[in-house]
Amino acid sequence: MKTSMNRNKTIADLLSGFQNWRIWLMLAYQDIKLRYRRSKLGPFWLTLSMAVTVYSMGFLYAHLFKIDLQAYYPFLTTGMIAWTMISTIINDLAETFTESAGTIKQIKLPYTTYVHRVISRNFIIFFHNIVVYIPILILFHEVAKINMHTLMIIPNLLLLYLNGLSYGVVIALICARYPDMIQIVKSIVQVIFFMTPILWSPSILPAKYAFFILLNPFYCFVQLIRAPLMGQSIALSEWGILAFVTALGLTFASYLFLKYRARIVYWI
Amino acid sequence: MAHIRIKNASVEFPIYHANARSIKNQFIRISTGGKVMSDASQHLVVKALDNISVNIEHGDRVGLVGHNGAGKSTLLKLMADIYEPTRGTIDRDGKVSPLLNIMQGIETESTGYENIVMRGICLGLTRKQIKAKVDEIAEFTGLGSYLAMPTRTYSSGMQIRLAFGIATSIEPEILLIDEVFGAGDADFMQKARNKMVELLSQSSIVVFASHANDLIAEFCNKAILMDGGKVIAFGKVNEILELYQKQHPHN
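Residues numbered from 1 in each chain as written. Chains lettered and ligands numbered in written order. Predicted model: local features only at pLDDT ≥ 70, side-chain atom pairs only at ≥ 80, totals over all residues. Heavy atoms only, no water.

**A closer look at the sheet that holds strand 1 (residues 3–15) of chain B**
All names here are of chain B.
Turning to step 1, where the next piece is worked out: The antiparallel open sheet is built from three strands, whose spatial order is 2-1-4. Among the strands making up the open sheet, the edge pair consists of strand 2 (44–57) and strand 4 (87–93). Strand-to-strand, the axes of this sheet are offset by a mean angle of 25°, without reference to chain direction.
Turning to step 2, where the next piece is worked out: Bridge count between strand 1 and strand 2: 10 bridges; the pairing is antiparallel. For Ala-9, the partnering residue across the bridge sits in strand 2 and is Ile-52.
Turning to step 3, where the next piece is worked out: Seen against the sheet, helix 4 (residues 72–79) touches strand 1, strand 2 and strand 4 and runs at an angle of roughly 120° to strand 1. (Pairing = 2+ DSSP bridges. Helix = DSSP H or I, 4+ residues; strand = E, 2+ residues; numbered from the N terminus. Axes fitted to C-alpha atoms, helices over the stretch in contact; angles between N-to-C directions. Contact = heavy atoms within 4.5 Å.)

In structure tokens, the structure reads:
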């Protein structure tokens, strides 16, 4: 009886997490607003700092790698926008329950509310950062195209959100139980940045090391954003990896959440 | 009908020893065959609530008494579904409104109005419903134009006025209160008291933890005496208070 009750509570947590969109969207928006409370530009500092980063990096790295600016700028900008979102989501997820410990111990809200808060916060930031890409689209319109593939950004973002939610539950749970994991997650994320074709194009990797990219699911997630923004399609093999990683995440998340949801409050 | 039925429920907090909680030691333990660090893996457990069984039904106004650390706040949090029992069961019917820490969720960088809206959303109200509440809260707190200022500019008394005004702007079914009285000037205390009485009469169940026995005697018809995480006695308010006073003559 106790197990079926626990299952019902877990499902209820998940469902009311979605229904609570008013709460987490407000919390997410509040997080961003408070960060820029007394500044004149407000959240547009996000856009501005992203612009300074990618515009100067693009110029430097195009010359370092001896690639045509025309080809490199759209590639780097889309890659950086995608990676910034993915990496900050993962880093923030590690602290999901610790950052909300005060609220968790005072009011009963579904635990998934806090996961939604972290992901939606970074989605809002993404929509600020995307503005940086508009000048690139205009200047380098021969490489960065708007076409049918651009529409894929919507389903792709939804897929990214779904994965954020499932892996979010996994990361947040483990980091709540083992605080050391927060630091481990952060350093892994940093390493992955260099391992993933964000600054460098997969084409410059020698053919015999191509498996290196194939084994890196983060590349597929970057592609999820980058490909539609550049008007390109995603390879079938990449869809395969994405499907596998998504299924794995959902399985893992349901197992852990079912087993440990009720323990979270005791850990933080 | 609203009710809270708790059966043989325990709440146990694992205290992770700094040693036991880090990943490093989990690895060490594996590599050393679980002998060297075996004592570190046996987490200490604090039994905050020990085998509690209580039935609270519609119309009950229950006072929680007991000295510090008796488990009053934990029991309220168990009732509020913040802690799920590690053993036993709890069955609850009715919408629970906890008033555990009135300062909870007051964002100091946000204005008074923004705080009202934020809390309203957290309670599941729509923008329209919140708008209807804002004037009522503004009048109750008497903060006037200060509501448009960030709450960090408030004096502590003003912050309590706002927090109290927001926290009590609910229509509770099951109301759980943990020591909310005690601050603000005399004028506001009278207002706060009236507000509490109003709130108590609206709710179908009230559980009220306090060290102020006169308040419990005034507001409650039943009481629970707790000690060491256990329910010592549950019954009519005057009998329980008498028992409590016999045990602790200084109160």
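On we go from here.
**Here we look at the nonpolar core**
Turning to step 1, where the next piece is worked out: Grouped together as the largest cluster of nonpolar side chains are 158 residues, with contacts concentrated most on Phe-97 and Ile-225 of chain A together with Ile-6, Leu-75 and Val-207 of chain B.
Turning to step 2, where the next piece is worked out: By residue number, the principal contributor to this core is helix 4 (residues 69–94) of chain A, which donates 14 residues.
Turning to step 3, where the next piece is worked out: Counting residues domain by domain, this core receives three or more from each of domain 1 (3–94 + 209–247) and domain 2 (112–203) of chain B.
Turning to step 4, where the next piece is worked out: Setting aside anything within four residues of it in sequence, one finds Val-207 of chain B in contact with Ile-56, Val-62, Leu-64, Leu-76, Met-79, Leu-175, Leu-176 and Ile-177 of chain B.
Turning to step 5, where the next piece is worked out: With six residues, the next largest nonpolar core counts Ala-28, Ile-32, Ile-124 and Ile-125 of chain A among its residues. (Core = buried A, V, L, I, M, F, W, Y, C linked by side-chain atoms within 4.5 Å. Buried < 20%, exposed > 50% of the residue type's maximum accessible area, 1.4 Å probe, protein only. Domains from an automatic or database assignment.)

**Structural notes on the packing of aromatic side chains**
Residue and element names in this part refer to chain A.
Turning to step 1, where the next piece is worked out: On inspection of all chains with the given rule, the structure shows 18 aromatic pairs over all chains.
Turning to step 2, where the next piece is worked out: Consider the rings of Phe-97 and Tyr-111, whose centres lie 5.9 Å apart with planes at 85°: the pair is edge-to-face. On the criterion of sequence distance, the pair formed by Phe-97 in helix 5 (residues 96–99) and Tyr-111 in helix 7 (residues 111–129) is long-range, its members being 14 residues apart. Neither Phe-97 nor Tyr-111 differs from the other in exposure class; each is buried.
Turning to step 3, where the next piece is worked out: Look at Phe-193 and Phe-194: their rings are 5.0 Å apart centre to centre, the planes differ by 70°, and that puts the pair in the edge-to-face class.
Turning to step 4, where the next piece is worked out: A residue is classified by how much of its surface remains accessible, and Phe-193, at 16% relative accessible area, is buried.
Turning to step 5, where the next piece is worked out: For Phe-194, a relative accessible area of 55% gives the class exposed.
Turning to step 6, where the next piece is worked out: The rings of Tyr-61, Phe-65, Tyr-72 and Phe-75 are connected pair by pair, giving a single aromatic cluster. (Phe/Tyr/Trp six-rings, centres within 6.5 Å; stacked < 30°, edge-to-face > 60°.)

**Regarding the domain arrangement of chain B**
Residues and elements named next belong to chain B.
Turning to step 1, where the next piece is worked out: Partitioning chain B into domains gives domain 1 (3–94 + 209–247) and domain 2 (112–203).
Turning to step 2, where the next piece is worked out: Across the contact, 15 residues belong to domain 1 and 12 residues belong to domain 2.
Turning to step 3, where the next piece is worked out: When domain 1 packs against domain 2, close to 1100 Å² is buried across both sides, 60% of that on carbon and sulfur atoms.
Turning to step 4, where the next piece is worked out: Counting the surface domain 1 buries against domain 2, the share from its top three residues, Arg-61, Leu-76 and Phe-219, is 40%.
Turning to step 5, where the next piece is worked out: Linking domain 1 to domain 2 there are one salt bridge.
Turning to step 6, where the next piece is worked out: We note a salt bridge from Glu-218 to Arg-193, for which the minimum N-O separation is 2.5 Å.
Turning to step 7, where the next piece is worked out: Connecting domain 1 to domain 2 are five residue pairs in polar contact (both at pLDDT 80 or more). (Buried area = accessible area lost by both parts, 1.4 Å probe. Salt bridge = Lys/Arg side-chain N within 4 Å of Asp/Glu carboxyl O. Polar contact = N/O pair within 3.5 Å; in protein donor to acceptor, adjacent residues only side chain to side chain.)

**Details of helix 4 of chain A**
Turning to step 1, where the next piece is worked out: The end-to-end C-alpha distance of helix 4 of chain A, which contains 26 residues, comes to 37 Å, matching closely the 38 Å that a straight helix rising 1.5 Å per residue would cover.
Turning to step 2, where the next piece is worked out: When you tally the buried positions in helix 4 of chain A, you get 21 out of 26 residues, the bulk of the element. (Expected span 1.5 Å × (residues − 1).)

**A few points about the sheet that holds strand 5 (residues 96–99) of chain B**
Residues and elements named next belong to chain B.
Turning to step 1, where the next piece is worked out: With mixed pairing, the six strands of this open sheet are ordered in space as 5-6-7-3-8-9. Edge strands, defined here as strands with exactly one partner in the open sheet, are strand 5 and strand 9 (230–236). Averaged over all pairs of adjacent strands, the angle between strand axes in this sheet comes to 15°, irrespective of strand direction.
Turning to step 2, where the next piece is worked out: Sheet analysis places strand 6 (residues 174–178) next to strand 7 (residues 205–209), joined by five bridges and oriented parallel. Looking at strand 7, one finds that Leu-175 is bridged to Val-206.

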